[in-house]
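What follows is the residue order along each chain.
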Amino acid sequence: MTMLERAEAAEQKMSDELDRAVVKSAIYTSGERDPRLGAPPRTPGKKVMMGHDPRLPRMPEKPTLMDFFTLRFGPANHLLQSARLAQKNGVDEKLVLACLVHDVAIAGFIRGDHGYWAAQMFAPYVDEEVSWAIRYHQALRFFADDSVGYQYPKLYLELFGDDYVPDPYIQRDYQMARNHKWYMSARQICVNDLYAFDPDVKVELEEFTDVVGRHFKQPAEGLGFDASPTSHMWRTIMWPTKYL
Ligand SMILES: [Fe+2]
Ligand SMILES: [Fe+2]
């Protein structure tokens with residue numbers, strides 16, 4: 001068996017042990033599997049997952065942003081330390097929230113175009129300037145700004161190589177953002193986007209309870225269950241294997 005076949009067999013065994021079949025979204029497997037092939041055949045007679053996936057911690061009935069942090073997002077050290085640095089640098093509090101959530105798409109949803117995804121997810125719940133800043137931090141990260149001492153990240157040289165050229169849409173969005181009234185808000189996320197963080201420094205999520213309380217409009221019904229234009233995105237993070 002190839003490595004992929006072994007992985008698929010192990011996964012099949014795990015899903016056989018569940019009451020319900022897991023049929024993954026095309027985006028889960030695209031690349032590892034040619035999406036033109038469609039999903040692998042369903043086990044006959046077995047019902048499919050239509051909500052909570054028992055392999056994941058269950059979300060409360062009315063999930064808050066904090067619940068998503070603790071039950072669905074990956075290690076938040078980078079985000080917490082960025083938010084703390086922003087606070088220390090005296091950044092406007094609503095932008096401290098932007099720093100706290102700027103990479104949550106990477107932490108819990110989709111990596112590619114993470115700034116755009118997170119901005120959209122948060123738009124109904126934060127000040128327009130906050131979601132704007134989250135959206136454009138992604139493009140601005142690729143471009144230095146000496147006026148605030150921001151250099152092209154060393155990490156990017158390592159990750160993408162020294163001959164990497166950002167995609168034309170990133171360059172276009174950077175040019176647009178550079179001349180926008182909120183340019184500095186998005187730039188603040190980059191300035192405080194901390195990669196060389198100290199593994200011994202532990203920042204607790206609870207330190208930001210008040211910041212979240214003041215700048216994130218938590219829906220009473222819970223994220224995913226309000227009628228906002230992006231609640232489906234929160235539901236997908238909550239129930240990533242829901243069949244329909
Ligand atoms: Fe980012
Ligand atoms: Fe970041």
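See the structure above.
Residues numbered from 1 in each chain as written. Chains lettered and ligands numbered in written order. Predicted model: local features only at pLDDT ≥ 70, side-chain atom pairs only at ≥ 80, totals over all residues. Heavy atoms only, no water.

**Remarks on the overall build of the protein**
Phase 1: Secondary structure assignment for the protein yields 13 helices and zero strands.
Phase 2: When the helices and strands of the protein are listed from N to C terminus, the series reads α-α-α-α-α-α-α-α-α-α-α-α-α.
Phase 3: In terms of its C-alpha atoms, the protein occupies a principal-axis envelope of roughly 65 × 45 × 35 Å.
Phase 4: Every one of the 244 residues in the protein was classed for burial, and the buried ones make up 41%. (Helix = DSSP H or I, 4+ residues; strand = E, 2+ residues; numbered from the N terminus. Buried < 20%, exposed > 50% of the residue type's maximum accessible area, 1.4 Å probe, protein only.)

**Observations regarding the nonpolar core**
Phase 1: Judged by nonpolar contacts, the single largest core of 58 residues is most densely connected at F69 and F122.
Phase 2: Every residue in contact with F122, bar those within four places of it in the chain, is listed here: L65, V101, V104, I134, F216 and W234. (Core = buried A, V, L, I, M, F, W, Y, C linked by side-chain atoms within 4.5 Å. Contact = heavy atoms within 4.5 Å.)

**Some remarks on the coordination of the iron ion (ligand 2)**
Each donor-metal-donor angle would ideally measure 109.5 degrees in four-coordinate tetrahedral geometry, or 90 or 180 degrees in six-coordinate octahedral geometry.
Phase 1: Donor atoms from the polypeptide that coordinate the iron ion (ligand 2) comprise H78 (NE2), H102 (NE2), D103 (OD), D193 (OD) and D193 (OD), at 2.1 to 2.8 Å from the metal.
Phase 2: Here the donor residues for the iron ion (ligand 2) map to a single chain with the spacing H-x23-H-D-x89-D.
Phase 3: Here the iron ion (ligand 1) and the iron ion (ligand 2) are spaced 3.8 Å from one another, each receiving a donor from D103. In this structure, H102 and D103 share a single accessibility class: buried. (Donors = N, O, S within 2.8 Å, 3.2 Å for Na, K, Ca; no water.)

**What about helix α7 (residues 114-122)?**
Phase 1: Of all nine residues that make up α7, seven are buried, and the element is covered over most of its length.
Phase 2: What α7 keeps buried is the set H114, G115, Y116, A118, A119, M121 and F122.
Phase 3: Buried-residue contacts for α7 involve α3 (65-71), α5 (93-101), α6 (104-108), α8 (128-140), α10 (168-178) and α13 (231-238).

**Topic: α10**
Phase 1: All of the buried residues along α10 are I170, D173, Y174 and A177. Buried residues of α10 fall within an arc of 105° about the axis and therefore sit on the same side. Along α10, exposed side chains directed more than 90 degrees from the buried face belong to P168 and R172.
Phase 2: The elements touched by buried residues of α10 are α7, α8 and α11 (183-191). (Arc of directions from axis to C-beta.)

**Description of the pattern of salt bridges**
Oppositely charged side chains may form a pair once their charged atoms are brought near each other.
Phase 1: The full count for this structure, using the stated rule, is nine salt bridges.
Phase 2: For K94, the salt bridge identified is with D127, shortest N-O distance 3.6 Å. Here the residue K94 occupies a position in helix α5, and D127 occupies one in the loop between α7 and α8, the gap between them amounting to 33 residues.
Phase 3: The exposure class of K94 is buried, given its relative accessible area of 16%.
Phase 4: On the basis of relative accessible area, D127 is assigned to the partly exposed category, the value being 34%.
Phase 5: Via salt bridges that share partners, K94, D127 and E129 belong to a single interconnected network. (Salt bridge = Lys/Arg side-chain N within 4 Å of Asp/Glu carboxyl O.)

**Here we look at the packing of α8 against α10**
Phase 1: Across the interface, α8 lies against α10 with an axial gap of 8 Å and an inter-helix angle of 125°. Compared by their axis directions, α8 and α10 come out oblique. When you trace α8 past α10, the crossing you get is left-handed. Here α8 contributes W132, Y136, Q138, A139 and L140 to the contact with α10, which in turn contributes Y169, I170, D173, Y174, M176 and A177. (Axes fitted to C-alpha atoms, helices over the stretch in contact; angles between N-to-C directions. Parallel < 35°, antiparallel > 145°, perpendicular 65-115°, else oblique. Left-handed = near helix turned anticlockwise from the far one by under 90°.)

**Description of the packing of aromatic side chains**
Phase 1: Inspection of the entire model under this criterion finds 19 aromatic pairs.
Phase 2: Ring geometry for Y116 and Y169: centres 6.2 Å apart, planes at 55°, overall tilted. Of this pair, Y116 sits in helix α7 while Y169 is found in helix α10, placing the two residues 53 residues apart along the sequence.
Phase 3: A residue is classified by how much of its surface remains accessible, and Y116, at 13% relative accessible area, is buried.
Phase 4: Classification of Y169 as partly exposed rests on a relative accessible area of 29%. (Phe/Tyr/Trp six-rings, centres within 6.5 Å; stacked < 30°, edge-to-face > 60°.)

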